[in-house]
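Notes for the structure review
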Amino acid sequence: MSEKHEDWQVEQQRVDRVVEEINEKEEQLREKVGGVKGEVIGLREDFFEDVTVNMDEPDDVMETYSSIRQQAELLGERERSHKQFYDQLKTLHRLKNSPYFGRVDFVEEGEQEAEEVYIGVASLMDKQDEDFLVYDWRAPISSLYYDYSPGPAAYETPEGEIEGEMTLKRQFIIRNGEIKGLFDTGVTIWDELLQEVLGNNANTQMKSIVATIQKEQNEIIRYDKKKYLLVQGVAGSGKTSAALQRVAYLMYRYRGSIQADQIMLFSPNPMFNSYVANVLPELGEENMDQTTFLEYIDKRLEGRVSYEDAYEQLEHLLTSQKDKEYLVRLNNIQYKAGLDFKAVVDQYMEQLTKQGLIFKNVKFRDQTIVTKQQMADYFYNLDAAISTPNAMQMLSDWLLEQVSAFEQAERKKAWVEDEIQHLSKEEYLRIYHKTQKGNRGNQDNFDDFQLEQQMLSKAVVRKYIKPIKNKIKNLEFLNMTAVYKGLFSIEPHNKPAQWEEMVQQTLASLNEKHLPHEDVTPFLYLEDQLKGTNVYTKIRYLFIDEAQDYSPFQFEFLKKLFPYSRMTILGDYNQAIYAHNVNAPTPLSEELHPEGEVEKLTLLRSYRSTKPIIEFTKGLVTGGEDIEPFNREGERPSLVEAEDAVKHIEAVEQKVHSLQEKAYETIAIICKTAEESRQAYEALKNNLPVRLMDKDTYTFEKGLIVIPAYLAKGIEFDAVVIFNASAEQYKDEIERNLFYTACTRAMHELHLLSLGQRSPFIEEVHPETFVEELLKQ
Ligand SMILES: Nc1ncnc2c1ncn2[C@@H]1O[C@H](COP(=O)(O)OP(=O)(O)OP(=O)(O)O)[C@@H](O)[C@H]1O
């Protein structure tokens with residue numbers, strides 16, 4: 001922390017004045033909130049007292065209706081005001097603790113005097129509502145703080161660029177209205193505030209970075225030109241942080257036209273969702289919608305088709321024998337991820353418009369109402385110009401008519417009479433009330449025995465027919481698994497080597513009614529082509545984090561789901577861990593985007609880990625020499641090679657004990673797979689207070705955990721222990737990125753234990769970047 005700055009006192013006096021102003025505003029607002037709250041409660045309680053209710057004549061009914069509407073509008077308006085005042089109060093509360101974190105003095109070209117611009121998490125005007133006491137960090141002028149050091153500077157406004165001279169740049173740490181730190185930035189940036197922030201312990205909740213956003217990150221946050229923004233950023237470069245600040249920025253920039261529910265983030269796993277959940281609320285914004293690709297797939301297929309998820313596929317590849325079957329599987333995964341295979345699906349789709357669709361008989365008990373052949377005949381006799389989804393809809397309507405006719409005829413059957421006789425009293429009354437309700441206003445009533453019988457038989461048959469109708473409405477009469485199987489009877493243009501084996505392997509799974517993960521996207525894509533896609537029309541901005549893990553096919557699929565979205569696509573090709581992305585393009589590759597509509601920005605500076613950790617991890621990947629560490633000191637990573645399993649566990653325990661003594665809050669023992677994680681957990685649980693994380697873990701908590709590398713994606717820990725960095729565990733190229741991802745989760749300390757010989761990836765690293773330790777006796 002700096003010595004007391006000469007302006008410290010003057011600045012503290014300003015902070016005091018601002019806090020005083022906030023107090024006054026708070027007072028006024030509280031009164032207003034109280035008043036409006038009272039009004040809301042009053043309006044709710046007396047709602048009908050102030051409404052004239054008269055239903056005698058049609059005119060009276062109209063009048064009553066309009067009177068109720070007026071009253072409801074008034075209530076709605078008061079409720080909105082209440083929320084607004086309440087939100088303002090919350091903002092003031094946040095500002096009172098720390099009104100601002102930055103100041104720039106800026107002399108606009110043509111002016112004599114510098115304007116003092118104080119920057120905080122929200123704007124604050126003075127009493128007269130004339131001058132800004134604090135500017136929101138997202139205001140155009142605040143960009144100066146992130147983009148420049150003192151000297152010539154400029155910022156963009158909707159009306160054009162404003163140029164001038166920055167004469168001062170100052171950073172503050174203010175807590176509870178008291179200045180705790182104050183630094184002036186010279187021409188060379190020595191970011192003391194950033195040093196301080198990064199030195200803190202890891203948190204189970206990601207923090208906002210508004211006070212220390214870096215220039216390259218600011219560019220991402222405010223980017224507003226092309227439809228696709230690609231961000232390739234090395235591990236720990238602040239991609240996720242920048243993405244979340246960008247969401248907050250968009251909500252500020254387009255206040256009134258973009259709301260939180262028009263923005264969606266695809267994140268790597270559910271635990272990550274809980275990790276980032278606080279960032280936006282901390283900034284006074286609502287959270288955007290968050291999901292994972294896995295969750296989306298599950299919503300589509302759950303209960304319909306059994307399928308393998310991405311983690312199961314990865315786990316399978318990482319744990320299985322590298323035999324012939326494995327190679328065929330790998331080929332299947334890689335081929336089906338690509339656009340060549342998408343072209344095959346498109347070709348097949350074209351064919352299906354003429355012939356080949358397979359339907360399911362519509363049946364009731366053992367009677368067939370409509371056969372699959374009749375359905376195919378109906379479908380293929382429709383005008384060929386009708387789109388497939390529309391034709392499918394017409395088929396559905398036709399089927400519903402057939403089923404309704406069947407339903408009517410069925411009411412007269414003996415089984416219905418029989419069922420009526422055996423209705424329980426409760427069932428009878430339920431049907432009675434239901435039909436009475438539906439019959440209100442009807443002259444007839446249940447006194448008439450015949451009518452009663454009619455009603456009951458109608459209700460009994462409907463009970464059975466309704467589920468059939470619902471299935472028809474959901475277009476479930478299409479036999480999707482059989483149709484998908486048909487895809488493999490086509491010979492692709494560029495037939496991959498081993499195609500026959502690949503087909504055999506796929507069909508074996510499909511015959512078991514199980515979709516391998518590599519078939520999930522093609523299956524859903526084909527289904528959407530046939531039935532029509534339920535697109536997310538509302539979403540205007542889509543964020544895809546960890547985008548290197550999506551295949552080109554998956555990305556095309558997402559593009560169709562979000563036709564009206566601008567996309568921010570963030571990732572790191574060195575962290576691509578799925579087999580489909582080995583040596584293949586990902587959504588981060590410019591070639592997958594329409595020319596002229598894409599901008600790629602690169603982040604090379606890594607903020608998460610200490611310099612020694614980065615010096616080590618950059619040696620693990622190709623192109624690693626470009627990674628720039630942020631200058632934060634720490635110990636070099638360590639490596640212990642243990643010769644047998646007992647010594648290995650001992651070494652892990654020793655390491656963890658030494659870390660626990662240092663009061664770190666989050667320590668992760670990272671394993672290669674879920675299987676290895678379970679074994680590690682079993683071996684350690686008696687001597688260490690350790691928790692096991694799996695793919696169903698939804699929250700990230702403090703303490704000591706064991707976790708497979710692929711679930712630690714996007715998250716960070718104070719200290720990381722790589723459970724077994726041996727040659728046996730990490731040797732193939734497919735494992736390199738997984739190993740790198742695991743090591744780059746560490747903020748302050750990284751330790752590697754190896755049972756037997758170390759991984760060849762460690763051999764590639766400069767030996768001076770880590771220390772070899774011997775096991776303590
Ligand atoms: N400008 C910044 N100011 C303060 N902290 C920052 C800044 N940029 C990044 N960080 C910190 O660096 C760490 C890594 O950031 P983040 O998780 O956003 O990186 P990432 O690029 O998404 O990482 P990865 O790809 O490895 O998951 C976080 O602790 C974040 O708070």
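For clarity, every value in this text was computed on a predicted model and none was experimentally measured.

Before going further, it helps to examine the overall build of the protein. From N to C terminus, the protein includes 26 helices and 26 strands. Across its three principal directions, the C-alpha atoms of the protein cover 100 × 80 × 55 Å. Of all 777 residues assigned to the protein, the portion counted as buried reaches 53%. Residue pairs in contact within the protein that sit at least 24 positions apart in sequence constitute 75% of those at least 6 positions apart. Counting every atom, the protein has about 37,300 Å² of accessible surface; 47% of that belongs to carbon and sulfur. Side-chain charges in the protein split into 91 positive and 134 negative, and the spacing between the mean points of these groups amounts to 5 Å.

Turning to empty space enclosed by the protein, a few remarks are in order. A probe as big as a water molecule, rolled over the atoms, marks out the empty space that is left. Using the criterion set out here, one finds 4 cavities of 30 Å³ or more in the structure. Taken as a whole, the largest cavity holds about 270 Å³ of empty space. In terms of lining, the largest cavity is formed by 18 residues, of which the most central are Pro-268, Phe-293, Ala-310, Asp-549 and Tyr-578. Listing elements by their share of the lining of the largest cavity, those giving two or more residues are α9 (293-301) and α10 (310-319). A breakdown of the residues in the lining of the largest cavity according to their chemical character gives 9 nonpolar, 6 polar and 3 charged. By volume, the second largest cavity amounts to about 80 Å³. Residue lining of the second largest cavity: Gln-313, Ile-333, Lys-336, Ala-337, His-517, Glu-518, Thr-521, Pro-522, Ser-551, Phe-553, Gln-554 and His-580, and that is the complete set. Secondary-structure elements contributing two or more residues to the lining of the second largest cavity are α11 (324-336), α20 (517-531) and α21 (552-561). Considering every element that reaches the lining of the second largest cavity, the biggest residue donor is α20, with 4 residues.

Glancing now at a nonpolar patch on the surface. Where nonpolar side chains cluster on the molecular surface, the patch consists of Phe-48, Val-53, Met-55 and Val-61 and spans about 400 Å² of accessible area. Residue position: Met-55 is located in the loop between α1 (8-45) and α2 (58-97). For Met-55, a relative accessible area of 54% translates into the label exposed.

Time to look at the pattern of salt bridges. Taken as a whole, this structure holds 52 salt bridges when the rule is applied. One salt bridge in this structure joins Arg-103 and Asp-105, with 2.7 Å as the shortest N-O distance. Like Arg-103, the residue Asp-105 is buried in the burial classification. One network of salt bridges, in which partners are shared, links Asp-7, Glu-11, Arg-103, Asp-105, Glu-116, Arg-170 and Asp-184.

Here the focus is a negative patch on the surface. A surface patch of like charges, here negative, comprises Glu-108, Glu-109, Glu-111, Glu-113, Glu-115, Asp-129, Glu-130, Asp-131, Glu-156, Glu-161 and Glu-163. Inspection of the secondary structure assignment puts Glu-111 in the loop between β1 (102-108) and β2 (115-120). Accessibility expressed as a relative area gives 48% for Glu-111, which makes it partly exposed.

What follows deals with the environment of Tyr-698. Counting through the fold element by element, Tyr-698 comes out in the loop between β22 (690-692) and β23 (703-708). Counting along the chain gives 426 residues from Tyr-698 to Phe-272, while the straight-line C-alpha distance between them is 8.2 Å. In this structure Tyr-698 touches Pro-270, Met-271 and Ser-274, once residues within four positions along its chain are discounted.

For the rest of this paragraph, the subject is the environment of Asn-631. Within the element layout of this structure, Asn-631 appears in the loop between β19 (628-629) and β20 (638-642). Taking the C-alpha atoms as reference, Asn-631 lies 9.2 Å from Pro-612; in sequence the two are 19 residues apart.

As for its position among the elements, His-751 is in strand β25 (residues 746-755). Those residues within four positions of His-751 in sequence are excluded, and the remaining contacts are Ser-638, Lys-655, Leu-659, Val-720, Val-721 and Ile-722.

Segments scoring low in pLDDT should not have their predicted coordinates read at a detailed level. Confidence along the protein averages 90 in pLDDT terms, with 96% of residues attaining 70 or more. Across the whole predicted complex the pTM is 0.88, and at the interface the ipTM reaches 0.99.

Moving on: the nonpolar core. If you look at the biggest cluster of nonpolar residues, it comprises 119 residues, and the most contacted ones within it are Trp-137, Ile-670, Ile-722, Phe-739 and Leu-752. The element contributing the most residues to this core is helix α6 (residues 239-253), with 8 residues. For Ile-722, the contacting residues outside a window of four places in its chain are Ile-670, Phe-739, Ala-742, Cys-743, Leu-750, His-751, Leu-752 and Leu-753. Counting residues in each nonpolar core, the second largest holds 83 residues, with Leu-301, Val-345, Ile-431 and Leu-588 among its members.

Here the focus is the packing of aromatic side chains. Inspection of every chain in the model, using the stated rule, returns 37 aromatic pairs. In this structure an aromatic cluster arises from ring pairing among Tyr-335, Phe-341, Tyr-484, Phe-488, Trp-499, Phe-523, Tyr-525 and Phe-553. Lying across the ring of Tyr-145, Lys-169 places its NZ or CZ 5.3 Å from the centre. Here the guanidinium or amino end of Lys-215 rests over the ring plane of Tyr-148, the centre of that ring lying 5.7 Å away.

Next up on the list: α10. Residues three or four positions apart in an α-helix share a direction because the helix packs 3.6 residues into each turn. Along α10, 7 of the 10 residues are buried, which leaves the element largely enclosed by surrounding structure. Within α10 the residues assigned to the buried category are Ala-310, Tyr-311, Gln-313, Leu-314, Glu-315, Leu-317 and Leu-318. One side-chain oxygen at the N-terminal end of α10 lies 3.0 Å from the backbone nitrogen of Tyr-311; it belongs to Asp-309.

The rules behind the values
- Residues numbered from 1 in each chain as written.
- Predicted model: local features only at pLDDT ≥ 70, side-chain atom pairs only at ≥ 80, totals over all residues.
- Heavy atoms only, no water.
- Helix = DSSP H or I, 4+ residues; strand = E, 2+ residues; numbered from the N terminus.
- Buried < 20%, exposed > 50% of the residue type's maximum accessible area, 1.4 Å probe, protein only.
- Contact = heavy atoms within 4.5 Å.
- Areas by Shrake-Rupley, 256 points an atom, 1.4 Å probe, with all protein chains shown as cover.
- Lys, Arg positive; Asp, Glu negative; His and termini not counted.
- Charge placed at Lys NZ, Arg CZ, Asp CG, Glu CD.
- 1 Å grid on protein atoms, 1.4 Å probe; cavity = no way out; pocket = protein on both sides within 12 Å on 5 of 7 lines; lining within 4 Å.
- Points joined across faces, edges and corners; volume = space filled by probe spheres on them.
- Nonpolar A, V, L, I, M, F, W, Y, C, P; charged D, E, K, R; others polar.
- Patch = residues over 30% accessible without salt bridge, like charges linked within 9 Å, V, L, I, M, F, W, Y side chains within 5 Å.
- Salt bridge = Lys/Arg side-chain N within 4 Å of Asp/Glu carboxyl O.
- pLDDT = per-residue confidence, 0-100.
- Core = buried A, V, L, I, M, F, W, Y, C linked by side-chain atoms within 4.5 Å.
- Phe/Tyr/Trp six-rings, centres within 6.5 Å; stacked < 30°, edge-to-face > 60°.
- Lys NZ or Arg CZ within 6 Å of the ring centre and 35° of its normal.
- Polar contact = N/O pair within 3.5 Å; in protein donor to acceptor, adjacent residues only side chain to side chain.

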